[in-house]
Amino acid sequence: MSFTLHGIGISSGIAIGRAMLLSHATLEVAHLTITARQVDKEIARLDRAVDEVRTELLALKAHNDHASTAPSELMAFIDLHVLFLADPELVGATRRIIRERLCNAEWALVQQMEHLVEQFEQFDDPYLKERKYDVLQVSERIIKELLGRPGRVSLRKARDMAEESCVIVAHDLSPADTVSFKEHHFAAFVTDVGGVTSHTAILARSMAIPAIVGLANARAMIRDGAALIVDGARGVLIVDPDEQILDEYRIRKEQLELEREKLKRLKSAAACTLDSVDISLLANIELPSDTRAVLDSGADGVGLFRTEFLFLGRGDMPSEEEQFEAYKKVVKDMNGKPVTIRTFDLGGDKTPDTQRTPTNPALGRRAIRLSLVEPKMFQMQLRAILRASRYGKVKLLIPMLSHARQIDAALTAVETAKASLRKEKIAFDEAIEIGGMIEIPGAALAINMFFKRLDFLSIGTNDLIQYTLAIDRSDEQVASLYDPLHPAVVMLIAHTLSSAEKAGVPVSLCGEIAGDARFTRLLLGLGLRFFSMHPSQIMSVKSRVIQANVAELAPLARRLLRLDETEKIKEAVEKLNQMPGIR
Ligand code: PEP
Ligand code: MG
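Residues numbered from 1 in each chain as written. Chains lettered and ligands numbered in written order. Predicted model: local features only at pLDDT ≥ 70, side-chain atom pairs only at ≥ 80, totals over all residues. Heavy atoms only, no water.

1. Some details on the pairing of strand β7 (residues 227-231)
Thinking step 1. Of all five residues in β7, five are buried; the element is thus mostly enclosed.
Thinking step 2. Of the two faces of β7, the one lined by Ala227, Ile229 and Asp231 and the one lined by Leu228 and Val230 are each fully buried.
Thinking step 3. Where strand β3 (residues 14-21) lies against β7, five bridges are found, and the strand directions are antiparallel. The residue bridging isoleucine 16 from the neighbouring strand is isoleucine 229, located in β7.
Thinking step 4. Examined bridge by bridge, β7 and strand β8 (residues 236-239) share four bridges and lie antiparallel to one another. Within β8, the position partnered with leucine 228 by the bridge is valine 239. (Buried < 20%, exposed > 50% of the residue type's maximum accessible area, 1.4 Å probe, protein only. Helix = DSSP H or I, 4+ residues; strand = E, 2+ residues; numbered from the N terminus. Pairing = 2+ DSSP bridges.)

Right, here's the structure in full:
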């Protein structure tokens, strides 16, 4: 039976494919041997986790009992999963393994789960065969409970299906999980949780694949291999669609592909407005391999290299040499075009496996704050970036700056790295430009301290919105409040741009709104001249740039600053976009 789920579309486009459920249950849990004296404690841990999962499932059922729209399949799954929790073949047998083989609870459960999955696979009856997925899902929930944190997903099952037709269905994906998708060619992904500008969402856009987050219970309701339509623009997921709907979506998919093809003709066109203002359209990248897409897009350079992705999903830190090779590759590939390399923005939702996750990660030791307390790690990166600077036009960008003394400390660190290279007679660009990210409201308001110290600035609206409105960018529960057109956000952007113009300091904008063509006219009117975005967005933004007249837009944008409510600003921006000259 077909059913439709609604979530938050984070990356537009249409995908038609089959569900590949990502299981955390197959993640590598620790294999520990316990002593006989620890057995009772370990069994108690297992029982506690099982109780927690039962409570969670019953709460989910009670919640959906109220929501009349909840599909009956969901209720049936929940009932079945609660039954599994009481099945001696799952929990009872796991207890026995703990006692007899002296295994930790997670490892004992994985062994029993694998045994049961094998048994279900032997059945000829397709219904019974399918029940292995219930075993996997229930075990996964218990393991997550035991671990007390979401585990890293495993892509082992990807081998069974052609990647191009796989729609990843997961409860949650960390940025480290998602960045590993870059090596694959999945059709789309959908998750139960997640926010619009979480780094997971950013990665989906960078891969130009449709994606939906915040689907609530999708992972529990969708069967592995189910036919799916993902409509990323609308945030709609259709499960087991009928032929008529499939045909409709096939046609829409073709139309979208046609439009994209048409836009590609703009690749070599200059990004120049109707009144001859040159605009730089730059690319955001996460990995060195992204340069191919950058070159294909005709971008004017790399405006943001999120280097922290080199540090994620591994148990150690990349060495100076490894980093140097990565940066050098990007710089050489860009062949003289500017490459802005941002020092690692680790912490927040991008905490490496080697670091403790703080209580409030977004407000914790993130980005430059971490760099300054990890001088060895910071020096290693600075040296690697400086060494790469001799191969082209490198700019160094420091994230999350807020205090003058922090900027000074960062600049001192750069000087230390330069001095060490000079001493070793290693060449680098002595005149390398150093910039700072404006992504904290306090930084935007006290912008003068940046002008005095830095060569350029880059506005990170993803965080600027998060911190201005106190909205966790990764949390789908507050996603509706995450608003780029809130008057406070627009004011901070406008203030940064106009102050920088007076000070003669160039400013780029590298948050997600730079690549969203709905904001292009507004940003041009506010004075933005350097836009940095995913390569796949360059053409659509360029199509807006070449039909804009900055002299006309500037007074309109200024007038819009007087509006005191989001809705009014939204209306005004829509009007701007409908003015003649815009398609
Ligand atoms: C931003 O905050 O807008 C930004 C570009 O940085 P990131 O998304 O990596 O935090
Ligand atoms: Mg940021």
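2. Topic: the domain arrangement of the chain
Thinking step 1. Examined at the domain level, the chain breaks down into domain 1 (1-23 + 152-266), domain 2 (25-148) and domain 3 (277-348 + 362-577).
Thinking step 2. Facing 23 residues of domain 1, the contacting portion of domain 3 comprises 24 residues.
Thinking step 3. In this structure, arginine 205 engages glutamate 512 in a salt bridge whose closest nitrogen and oxygen atoms are separated by 2.3 Å.
Thinking step 4. Where domain 1 packs against domain 3, one counts nine residue pairs in polar contact (both at pLDDT 80 or more).
Thinking step 5. Those elements that provide at least two residues to the side of domain 1 that touches domain 3 are α7 (175-180) and α8 (199-206).
Thinking step 6. It is α8 that provides the largest number of residues to the side of domain 1 that touches domain 3, a total of five residues.
Thinking step 7. Across the side of domain 1 that touches domain 3, the residue classes break down as 11 nonpolar, seven polar and five charged. (Domains from an automatic or database assignment. Contact = heavy atoms within 4.5 Å. Salt bridge = Lys/Arg side-chain N within 4 Å of Asp/Glu carboxyl O. Polar contact = N/O pair within 3.5 Å; in protein donor to acceptor, adjacent residues only side chain to side chain. Nonpolar A, V, L, I, M, F, W, Y, C, P; charged D, E, K, R; others polar.)

3. Concerning the site of ligand 1
Thinking step 1. Arg306, Arg342, Gly460, Asn462 and Arg473 are the nearest of the 17 residues found near ligand 1.
Thinking step 2. Arginine 342 is positioned with one of its side-chain polar atoms (N or O) 2.8 Å from an oxygen atom of ligand 1.
Thinking step 3. Contact distances for ligand 1 include 3.2 Å between an oxygen atom and a side-chain N or O atom of arginine 366.
Thinking step 4. Coverage of ligand 1 by the protein amounts to 100% of the 290 Å² it exposes when considered alone.
Thinking step 5. In a pocket analysis with a 2 Å cut-off to the grid points, ligand 1 is assigned to the largest cavity. (Near = heavy atom within 4 Å. Areas by Shrake-Rupley, 256 points an atom, 1.4 Å probe, with all protein chains shown as cover. 1 Å grid on protein atoms, 1.4 Å probe; cavity = no way out; pocket = protein on both sides within 12 Å on 5 of 7 lines; lining within 4 Å. Sits in = over half its atoms within 2 Å of the grid points.)

4. Digging into the sheet that holds strand β9 (residues 280-285)
Thinking step 1. Read around the closed barrel, eight strands run β9-β10-β11-β12-β13-β14-β15-β16, paired in parallel fashion. Strand-to-strand twist in this sheet, taken as the mean axis angle between neighbours without regard to direction, amounts to 25°.
Thinking step 2. Where strand β14 (residues 456-459) and strand β15 (residues 507-509) come together, three bridges link them in parallel fashion. If you follow serine 458 over to β15, its bridge partner there is serine 508. (Axes fitted to C-alpha atoms, helices over the stretch in contact; angles between N-to-C directions.)

5. So, the coordination of the magnesium ion (ligand 2)
Thinking step 1. Around the magnesium ion (ligand 2), the donor atoms from the protein are Glu439 (OE) and Asp463 (OD), and they sit 2.0 to 2.1 Å away. You can see glutamate 439 sitting in the loop between β13 (433-438) and α16 (441-445) and its partner aspartate 463 sitting in helix α18 (residues 461-469), a full 24 residues away along the chain. Side by side, glutamate 439 and aspartate 463 carry an identical accessibility label, which is buried. (Donors = N, O, S within 2.8 Å, 3.2 Å for Na, K, Ca; no water.)

6. Brief notes about the sheet that holds β7
Thinking step 1. Reading across from one edge, β1-β8-β7-β3-β4-β5-β6-β2 is the order of the eight strands in this open sheet, with mixed pairing throughout. For this open sheet the edge positions go to β1 (3-6) and β2 (8-11), each flanked by a neighbour on one side alone. Strand-to-strand twist in this sheet, taken as the mean axis angle between neighbours without regard to direction, amounts to 30°.
Thinking step 2. Strand direction decides the pairing type here: β3 and strand β4 (residues 166-170), joined by four bridges, are parallel. Paired with methionine 20 across the bridge in β4 is isoleucine 168.

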